[in-house]
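Descriptive analysis of the structure
Chain by chain, the residues:
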Amino acid sequence: MGKEVPLPPELLHLIKEEIPLTDLRSHVCFFKASPVFAALYGDVTRQERFWERACLSVGLGAPDGDADEEYWKAVAFECIEKDGWCKHSQCGVNRLQWNAEQMQALNLPDFTWTALRESIQSVVRLEDCPDNFAISPLFEYVSFHYTSTCGATPKQDVLLDYRNGNVEDEENPANLLCNHPIASRSFAVFPPVDHVWVLDIGYESKEIQNVDGVTVSNVMDGIWKRMDRDITAEGFADKPRECDLQEAIGELFKVDPSAALKRVKSEREFFYYFRLNGFSFEEWWTWGDMVSKGGPWLLTNHRLARISRPKGTDPRKCETIAAPGG
């Protein structure tokens, strides 16, 4: 056999450059294949800059705050090693490709935190909403354990399910959202924003913030804090429009609306059956002691979320927009 002749560095560099920035999976595999290939990505500083651009190009954010020196390389490797071949329809390469399409539409000069932070805006009016604004379809598949787990944290409780409401295998650790870094790190909405509001039952609201772009895990962690509040008929006494929620539950379980709240008794159960799947925009408003700087509101898919609220009654009024495929 003849002696193997290594490819010249120039040719290897050309091969690397043929891999699209958004093909995170191929870049990680190429980097790990050989120290020679890894050297093409430069020193530690250049590598970190590259992995930052690659992660942001596919809509992967930093839910836990500031990144350290080698943060983005670790993010890229974790996402691909744990999740790059995930078979869930809303995770793995499918999620990376959908996220990449949304990020490309931003027309950023480059995929860096500096450029992204400049694009992140507190959009507070519907007319300022870009045409391509969208809530991640992931939320249709993210829920919580149906029953409370004593001492649970969001990481132990938030699920990425496989049937849009399947509890058959909810104890499988593989179904925890925290074990799907591609899904959990994905931005909650596109273009990314620094805050969202979540509107659920009884017009209850919660603001969720991340100056580097709100992620799916940010939203679910924020909702989790009030998961085990009870839903009672007395709590609906002064909210006549909640009959729409009762009707939706009645339709779900094929029962009379008056018996609906016997079937869904807590916010945990509510979010199990009614997922976040649409959004609306609110302008700056005050309501009693509450003050909102406006912005996107994520809405659940029960009937109430589809009803426009009339002006002059509640300042939270807007056009409702369904999520892709929602």
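**Describing the overall build of the chain**
A tally of helices and strands in the chain yields 12 helices and 11 strands. Buried residues in the chain amount to 53% of all 326 residues. Here the contacts in the chain between residues at least 6 apart in sequence split such that 67% fall between residues at least 24 apart. When the accessible area of the chain is evaluated, it comes to approximately 15,800 Å², of which 51% is carbon and sulfur surface.

**A look at helix α5 (residues 71-83)**
Over its 13 residues, α5 extends 18 Å from the first C-alpha to the last, a length consistent with the 18 Å expected when each residue adds 1.5 Å. Within the sequence span of α5, burial applies to Y71, W72, V75, A76, F77, C79, I80 and D83. In the core, the buried residues of α5 are packed alongside α2 (24-33), α4 (44-57), α6 (92-104), α7 (113-119) and α9 (181-185).

**Description of the environment of D212**
Along the chain, D212 falls in the loop between β6 (205-209) and α10 (216-224). Given a relative accessible area of 4%, D212 falls into the buried group. Placed 18 residues apart in sequence, D212 and D194 show a C-alpha to C-alpha distance of 6.4 Å.

**Remarks on the state of the cysteines**
Under the counting rule described, the total for this entry stands at 0 disulfides. C55 supplies the cysteine sulfur nearest to C79, a cysteine that is in no disulfide, at a spacing of 6.2 Å.

**Points about the packing of α2 against α5**
Look at α2 against α5: their axes get within 10 Å of each other, and the N-to-C directions meet at 105 degrees. Classified by the angle between their axes, α2 and α5 sit roughly perpendicular to one another. Across the interface between the two elements, L24, R25, V28, F31 and K32 of α2 pack against K73, A76, F77, I80 and E81 of α5. For the contact of α2 with α5, the class distribution of residues is 6 nonpolar, no polar and 4 charged.

**Some points on the confidence of the model for the chain**
In this model, the chain carries an average pLDDT of 75, and 68% of its residues clear a pLDDT of 70 or more. In the predicted structure, residues 237-241 sits below a pLDDT of 50 and forms 6 contacts with residues beyond four places in sequence or in another chain. For the stretch residues 303-326, pLDDT sits under 50, and the model shows 70 contacts to residues farther than four places along the chain or on other chains.

**Brief notes about the packing of aromatic side chains**
Tallied over the full model, the rule gives 12 aromatic pairs. Where Y41 meets W51, the ring centres are 5.6 Å apart and the plane angle is 10 degrees; that geometry is what we call stacked. Here W51 lies in helix α4 and Y41 lies in the loop between α3 (35-39) and α4, a separation of 10 residues in the sequence. Aromatic side chains F50 and W51 sit 5.0 Å apart centroid to centroid with 80 degrees between the ring planes, which places their arrangement in the edge-to-face category. Of the two residues, F50 and W51, neither departs from the other in class, the shared state being buried.

**Some details on α6**
Taking 1.5 Å of rise per residue, 13 residues should cover 18 Å, and α6 covers 19 Å from first to last C-alpha, within 8% of that figure. Among the residues making up α6, those that are buried are G92, R95, L96, W98, N99, A100, Q102 and M103. The secondary structure elements touched by the buried residues of α6 are α4, α5, α7, β1 (134-135), α9 and β4 (189-190).

**Notes on the packing of α2 against α4**
Two elements in contact, α2 and α4, have axes whose closest approach is 10 Å; the angle formed by their N-to-C orientations is 155 degrees. Taken together, the axes of α2 and α4 lie roughly antiparallel to each other. Like other packed secondary-structure pairs, α2 and α4 cross with a definite hand, here left-handed. Each of L24, H27, V28 and F31 in α2 lies in contact with α4, whose residues at this interface are Q47, F50, W51 and A54. In the contact of α2 with α4, the residues fall into 6 nonpolar, 2 polar and no charged.

**A word on the environment of N218**
One can find N218 in helix α10. N218 sits in the buried class, given a relative accessible area of 11%. Considered as a pair, N218 and H195 are 23 residues apart in the sequence and their alpha carbons are 10.0 Å apart. Leave out the neighbours within four places in its chain, and N218 touches P63, I208, N210 and G213. In terms of polar contacts, N218 uses its side chain to reach the side chain of N210, at 2.9 Å.

About the thresholds
Residues numbered from 1 in each chain as written. Predicted model: local features only at pLDDT ≥ 70, side-chain atom pairs only at ≥ 80, totals over all residues. Heavy atoms only, no water. Helix = DSSP H or I, 4+ residues; strand = E, 2+ residues; numbered from the N terminus. Buried < 20%, exposed > 50% of the residue type's maximum accessible area, 1.4 Å probe, protein only. Contact = heavy atoms within 4.5 Å. Areas by Shrake-Rupley, 256 points an atom, 1.4 Å probe, with all protein chains shown as cover. Expected span 1.5 Å × (residues − 1). Disulfide = S-S within 2.5 Å. Axes fitted to C-alpha atoms, helices over the stretch in contact; angles between N-to-C directions. Parallel < 35°, antiparallel > 145°, perpendicular 65-115°, else oblique. Nonpolar A, V, L, I, M, F, W, Y, C, P; charged D, E, K, R; others polar. pLDDT = per-residue confidence, 0-100. Phe/Tyr/Trp six-rings, centres within 6.5 Å; stacked < 30°, edge-to-face > 60°. Left-handed = near helix turned anticlockwise from the far one by under 90°. Polar contact = N/O pair within 3.5 Å; in protein donor to acceptor, adjacent residues only side chain to side chain.

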